[in-house]
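Breakdown of the fold
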Amino acid sequence: MVSTALPGMRRIEHVMGMPIVIDLRDDDAAEDLLDRAFDEFRAVDERFSTYKQTSEITRLNRGELALADAHADVREILSRCEDLRRETRGYFDARAAGTPGLDPSGLVKGWSVERVSNLLAELEARNYAINAGGDVIVRGRGLPDDCWRVGIQHPAMDDKVAAVVVAGDLAIATSGAYARGDHIIDPHTGGPPAGVLSVTITGPSLATADAYATAAFAMGTAGPAWTARLRGYEAMTILADGRVLKTPRFPSS
Amino acid sequence: MRRNLTVVLAVVALTVPSAEAMAAVTVPKAAAKKIVVSMKTFTGSLGRADRWGDVQVTIVVKKTTTTTGTKKTVKRHIESIKVPVYPDHTGRSVFISEQALPRLIQEALQAQSTHIYIVSGATYTSDAFGQSLQAAITKEKAW
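Below is a summary of the structure that appears in this document.

About the thresholds
Residues numbered from 1 in each chain as written. Chains lettered and ligands numbered in written order. Predicted model: local features only at pLDDT ≥ 70, side-chain atom pairs only at ≥ 80, totals over all residues. Heavy atoms only, no water. Helix = DSSP H or I, 4+ residues; strand = E, 2+ residues; numbered from the N terminus. Expected span 1.5 Å × (residues − 1). Buried < 20%, exposed > 50% of the residue type's maximum accessible area, 1.4 Å probe, protein only. Arc of directions from axis to C-beta. Contact = heavy atoms within 4.5 Å. Pairing = 2+ DSSP bridges. Axes fitted to C-alpha atoms, helices over the stretch in contact; angles between N-to-C directions. Parallel < 35°, antiparallel > 145°, perpendicular 65-115°, else oblique. Left-handed = near helix turned anticlockwise from the far one by under 90°. Nonpolar A, V, L, I, M, F, W, Y, C, P; charged D, E, K, R; others polar.

In this section: helix H1 (residues 33-48) of chain A. All names here are of chain A. Look at H1: 23 Å from first C-alpha to last across 16 residues, which is about the 22 Å you get at 1.5 Å a residue. All of the buried residues in H1 are Leu33, Leu34, Ala37, Phe38, Phe41, Val44, Asp45 and Phe48. Seen along its axis, H1 keeps its buried residues to an arc of 130°; they face one direction. Tucked inside the fold, the buried residues of H1 contact strand S1 (9-15), strand S2 (18-24), helix H2 (56-61), helix H3 (72-87), helix H4 (105-122) and strand S3 (128-132).

Below, the structure written as structure tokens:
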């Protein structure tokens with residue numbers, strides 16, 4: 001692989017406890033574009049981190065900040081968490097993330113990537129991919145003559161992909177049990193979901209796709225039927241017995 | 001889901017439906033061995049299946065014909081099954097396609113030799129990143 005053949009610039013930084021990769025494929029981008037993009041991720045982290053004592057979420061949970069006085073972004077996120085909790089019948093729940101109080105991190109991650117993607121577009125970037133700990137937004141093309149190709153991590157083999165999504169403008173989120181052990185629990189049983197290795201959701205919004213993937217994964221083997229009813233979002237579920245269930249327009253090659 | 005699948009496959013077995021050719025690929029091999037791979041889509045007729053409403057199933061069959069001299073062997077394999085899950089609230093049928101993981105791995109392996117730039121996976125933390133496929137790709141396309 002001749003690395004110099006790729007147009008644009010790439011950078012990885014660790015923010016919010018995860019690696020964030022921005023892969024910009026425009027040759028004419030402004031010098032400080034990636035600086036500004038990562039500054040935005042850090043600003044979101046300052047406001048939303050459950051680990052930072054000064055964040056608005058921490059202060060809300062300690063009762064030091066009233067919801068009405070919180071930043072408009074915080075109120076928007078918490079309101080979307082509540083909508084998604086209802087839509088997913090409680091399988092996506094910012095209040096059940098293992099800590100007392102609110103933990104909207106599951107939505108904040110995708111939302112922050114959307115926000116940075118919009119920032120890049122405002123700054124006239126056209127072809128780029130952002131990958132925040134496995135949640136991905138792609139825009140434009142990977143190369144002038146090639147679409148973006150996004151590998152979906154194989155849940156059983158670290159160095160393999162289970163499918164390849166070919167896309168122009170798309171958000172892709174995957175939930176599974178393999179990366180950090182059983183970190184998703186079924187909020188209705190308190191235990192890890194059974195029978196499912198991973199769920200990938202594609203669609204226009206990364207925050208929504210991520211919440212749907214979390215919820216569908218937590219539903220276990222009932223997840224695929226639920227994903228078949230989603231409007232505007234497509235799903236691929238890999239079951240523990242090796243079956244792969246896809247909605248009809250899931251964009252894999 | 002499983003019960004539904006059983007019902008639906010029975011429908012296919014009963015009706016030998018008209019076939020529509022999707023693709024035919026000829027792969028020439030050495031020593032007069034000829035392999036022809038063709039894919040066909042079969043659509044079963046509408047069947048009534050209790051509360052699922054009208055049920056119609058589509059299967060994709062891959063036929064591999066190997067000819068070595070005068071010896072001809074034919075292998076058929078169901079590549080994918082498309083079954084309705086249930087009609088949604090607007091009455092529109094909602095479908096799920098089923099495939100087996102090993103076949104996908106093959107496809108993915110072929111695709112891997114082309115360009116994969118980004119990997120979507122269950123949340124990897126900074127600690128886990130070093131072992132991830134994304135890290136390997138990031139390194140490979142390194143700046």
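That shown, we press on.
Residues and elements named next belong to chain A. Among the five residues that make up S3, five are buried, leaving the element largely enclosed by the rest of the structure. Of the two faces of S3, the one holding Tyr128, Ile130 and Ala132 and the one holding Ala129 and Asn131 are both buried throughout. Across five bridges, S2 lies against S3 in antiparallel orientation. In the sheet register, leucine 24 faces S3, and the bridge partner there is tyrosine 128. For S3 and strand S4 (residues 135-139), the ladder comprises five bridges, and the chain directions are antiparallel. Along S4, the bridge assignment pairs alanine 132 with aspartate 135. The turn linking S3 back onto S4 is made up of two residues, and glycine 133 within it adopts a positive phi angle of 55°.

Right, let's talk about the packing of H3(A) against helix H5 (residues 206-218) of chain A for a bit. All names here are of chain A. One way to put it is that H3 packs onto H5 with a least axis distance of 11 Å and a crossing angle of 40°. Classed by the angle they form, the pair H3 and H5 counts as oblique. As for how H3 packs across H5, the hand of that crossing is right-handed. Where H3 abuts H5, its residues Arg80, Leu84 and Glu87 lie against Ala207, Thr208, Ala211 and Tyr212. Partitioning the contact of H3 with H5 into residue classes produces four nonpolar, one polar and two charged.

Attention shifts here to the pairing of strand S5 (residues 148-153) of chain A. Extensive coverage of S5(A) is indicated by the burial of six of its six residues. Across the two faces of S5(A) the burial is the same, with Trp148(A), Val150(A) and Ile152(A) and Arg149(A), Gly151(A) and Gln153(A) all buried. Pairing of S5(A) with strand S6 (residues 161-167) of chain A involves six bridges; the strand directions are antiparallel. Among the inter-strand pairings, Val150(A) is bridged to a residue of S6(A), identified as Val165(A). In terms of strand pairing, S5(A) meets strand S8 (residues 118-120) of chain B through three bridges, oriented parallel. Pairing of Val150(A) across the sheet is with Ile118(B), part of S8(B).

In short, the description is geometric, and any link to function would need to be established separately.
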